[in-house]
Amino acid sequence: MKNINKFSDETKTVHAGCSNISEGSVVPPIYQTSTFKFQSADHGARLFSGKEQGYIYTRMLNPTVKAFEDAVAVLENGHKSLACGSGMAAIHTIFATLLQSGDHVICSEAVYGPTNTLLNTVMAKFGVEVDFVDTSNLNAIMHAFRDNTKVVYIETPGNPTLVISDIEKISAITKAKDVKLVVDNTFLSPILQKPLDIGADIVMHSLTKYLNGHADVVGGIVVVNNEDDYQLFRKTLNQIGGVQDPFNSFLVHRGLKTLSLRIERHCHNAMIVATFLENHKNIKWVRYPGLKSHPQHNIAKKQMKDSGGMIAFEIEGGLRAGEIFMDNLNLCQLAVSLGGVETLIQHPASMTHASMSQKQRLKSNITDGLVRLSVGIENVDDIINDLENALSSMHFI
Ligand code: LCS
């Protein structure tokens, strides 16, 4: 197919990365091979020297992985992308590529717990300094800058509090300061937000979530917007080795084909569920970007096409009430992760963000009573009935 970039996202999700496939196959075949034969000694030497393009070894690149990487780059309006073995492998690849000992990172305080921990432990061990700030506050970002700041890393909406950072405004700051802006776009997917279009330099996703969508693969991806960055990232990823394997790339590429349909239903269901929760007497507060009560609702409207499938809320009665509520659910599954077709619920303080200290969590507004819901694509009435049943089981508290 020619000119895939001119099509809409609904069409891109179906066709991107599926052109130029050998033997006329409609979907990319799985090249389940670790290595590729050279036609001659000279051919091998030419491939290694970069004088000729071609496949050498699957850690370096594989056609199934490449087809999938092309698809995500098209959807993010990026130059190229690099598929990794997990979202954390992608984040590590980003930090290892952009930073060296003595450099400083400004990171959203609302981030996935292990992102915070990676910076505070592994990256700190290698001499990288970090400040976690409320990146919805531009002044806080400005104040955090130091002479050695090299990267601003934001997650928007942030996990689990759904704090929203203004990508365009932050990118004006990072461009003026000549530092890289990295956006974790996991909570929305490129259907709802395209950070590269509004000033970000690098985008990452945990593929484990919406892009795959079926809770059966762990993966990550880094999207870059120029060839120089691509070469730098490819070298680092090749050395670290945290690549995605061909079979998982095939699965996520398959999942990608229904991304826009799934996202439509996630958004539809989540808006109804968030409204239901906001009006329920046993709920203390609800955070959902589509609700007017969300503190950054206007920024959400500006930079997001719709509000996504993630909701955070707190039940009256604190942690104990939350435990009883979660144990009384039937349809909503008690599990970490998010972005799959099934509705999942979890408790960040004891689960996804348990690796952070309570002090760090409270600074990031992750209260002990916060519950996070990843709204699936089931019938929304079934989801609401399940929530209502569990909430009514708490009348004795
Ligand atoms: N970025 C975000 C925003 C995430 O939510 C996660 C995982 C990652 C990066 C890391 O990706 P992974 O290595 O797991 O593919 N978030 C999870 C969560 O909230 N529950 O379980 C995993």
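Conventions used here
- The numbers attached to residues start from 1 for each chain and follow its sequence in the written order.
- Per-residue local features are limited, in this predicted model, to residues with pLDDT of at least 70; the limit for side-chain atom pairs, both in listing and counting, is 80 or more; totals at the level of whole chains, interfaces and linings are taken over all residues.
- Only hydrogens and water are set aside when side-chain values are computed; all heavy atoms of the structure are taken into account.
- Accessibility here uses a 1.4 Å probe with only protein chains present; expressed as a share of the type maximum, an area under 20% marks a residue as buried, one over 50% as exposed, and anything in between as partly exposed.
- By the criteria applied, helices consist of DSSP H or I runs no shorter than four residues and strands consist of E runs no shorter than two, each listed in order from the N terminus.
- Two strands pair if DSSP finds at least two bridges between them.
- Crossover handedness is defined by viewing with both strands directed away from the observer: a clockwise path from the first strand over the helix to the second marks the crossover as right-handed.
- A domain assignment, automatic or from a database, supplies the domain bounds used here.
- Should any heavy atoms of two residues lie within 4.5 Å, those residues are considered in contact.
- Accessible-area loss on putting two parts together, using a 1.4 Å probe and summing over both, is the definition of buried area adopted here.
- All axes are obtained by fitting lines to C-alpha atoms, using only the stretch in contact for helices, and the reported angles, taken between N-to-C directions, cover 0 to 180 degrees.
- Being near a molecule or strand, for a residue, means having at least one of its heavy atoms within 4 Å of it.
- Definition of a polar contact: a pair of N or O atoms within 3.5 Å, with one able to donate and the other able to accept a hydrogen when the atoms are protein atoms, and with sequence-neighbouring residues admitted only if both atoms are side-chain atoms.
- Put simply, Ala, Val, Leu, Ile, Met, Phe, Trp, Tyr, Cys and Pro go in the nonpolar bin, Asp, Glu, Lys and Arg in the charged bin, and everything else, Gly too, in the polar bin.
- Exposure above 30% relative accessible area and no salt bridge define the residues that can form patches, which grow by joining like charges within 9 Å and nonpolar side chains of Val, Leu, Ile, Met, Phe, Trp and Tyr within 5 Å.
- Exposure was quantified through the Shrake-Rupley algorithm and a 1.4 Å probe, taking into account, for residues, occlusion by the shown protein chains and nothing else.
- Definition used for salt bridges: Asp or Glu carboxyl oxygen within 4 Å of a side-chain nitrogen of Lys or Arg.

Focus: the pairing of strand β5 (residues 180-184)
- In terms of burial, β5 is largely enclosed, as four of its five residues are buried.
- Two strands pair when backbone bridges link them, and strand β4 (residues 149-155) and β5 are joined in this way by five bridges, in the parallel orientation. What sits directly across from E155, in β5, is D184.
- On the question of chirality, the crossover connecting β4 to the parallel β5 by way of helix α7 (residues 167-177) is right-handed.

Digging into the domain arrangement of the protein chain
- Domain boundaries in the protein chain define domain 1 (7-256) and domain 2 (259-396).
- In this structure, domain 1 and domain 2 have C-alpha centres spaced 27 Å apart.
- Domain 1 puts 43 residues into the contact, and the matching count from domain 2 is 42 residues.
- Buried surface at the junction of domain 1 and domain 2, both sides included, amounts to about 3,400 Å², of which 57% is carbon and sulfur.

Observations concerning the environment of L373
- Along the chain, the position of L373 falls in strand β12 (residues 370-374).
- A sequence separation of 120 residues divides L373 from H253, and the C-alpha atoms of the two residues are 25 Å apart.
- Those residues in contact with L373 that sit more than four places away from it in its chain are V273, L277, G309, M310, I311, F313, T343, L344, I345 and L387.

Let's talk about the sheet that holds strand β6 (residues 202-206)
- In spatial order, the strands read β1-β7-β6-β5-β4-β2-β3; together these seven strands make up an open sheet with mixed pairing. Whereas interior strands pair on both sides, the edge strands pair on one side only; in this sheet they are β1 (80-84) and β3 (129-133). Taking the axes of each pair of neighbouring strands and ignoring which way they run, one obtains an average angle of 20° across the sheet.
- Inspection of the sheet shows β6 paired to strand β7 (residues 220-224) by five bridges, in the antiparallel sense. From the neighbouring strand, M204 faces β7, where its bridge partner is V222.

Quick notes on the site of the ligand
- Taken together, 19 residues sit near the ligand, with D184, S206, T208, S337 and R372 positioned nearest.
- Residue M88 places a main-chain N or O atom 2.9 Å away from an oxygen atom belonging to the ligand.
- The separation between an oxygen atom of the ligand and a polar side-chain atom of S206 is 2.8 Å.
- Per-element tally for the shell around the ligand: the top contributor is helix α4 (residues 87-98), with three residues.
- A class-by-class count of the residues in the shell around the ligand yields six nonpolar, nine polar and four charged.
- Of the residues that make up the shell around the ligand, three or more belong to each of domain 1 (7-256) and domain 2 (259-396).

Structural notes on the sheet that holds β12
- Read from one edge of the open sheet, five strands run β8-β9-β12-β11-β10, paired in mixed fashion. Looking along the sheet, the strands with just one partner apiece sit at the ends: β8 (283-287) and β10 (333-334).
- With five bridges connecting them, strand β9 (residues 310-315) and β12 associate as antiparallel partners. Paired with E314 across the bridge in β12 is L370.
- In this fold helix α10 (residues 259-278) packs onto β8, β9 and β12, with an angle of close to 15° to the strand it touches most, β9.
- This element, helix α12 (residues 318-327), spans β9, β10, β11 (344-346) and β12 of the sheet and lies at about 125° to β9.

Focus: a nonpolar patch on the surface
- Taken together, L334, V336 and M351 make up a surface patch of nonpolar side chains, about 240 Å² in accessible area.
- Following the sequence through the fold, V336 ends up in the loop between β10 and β11.

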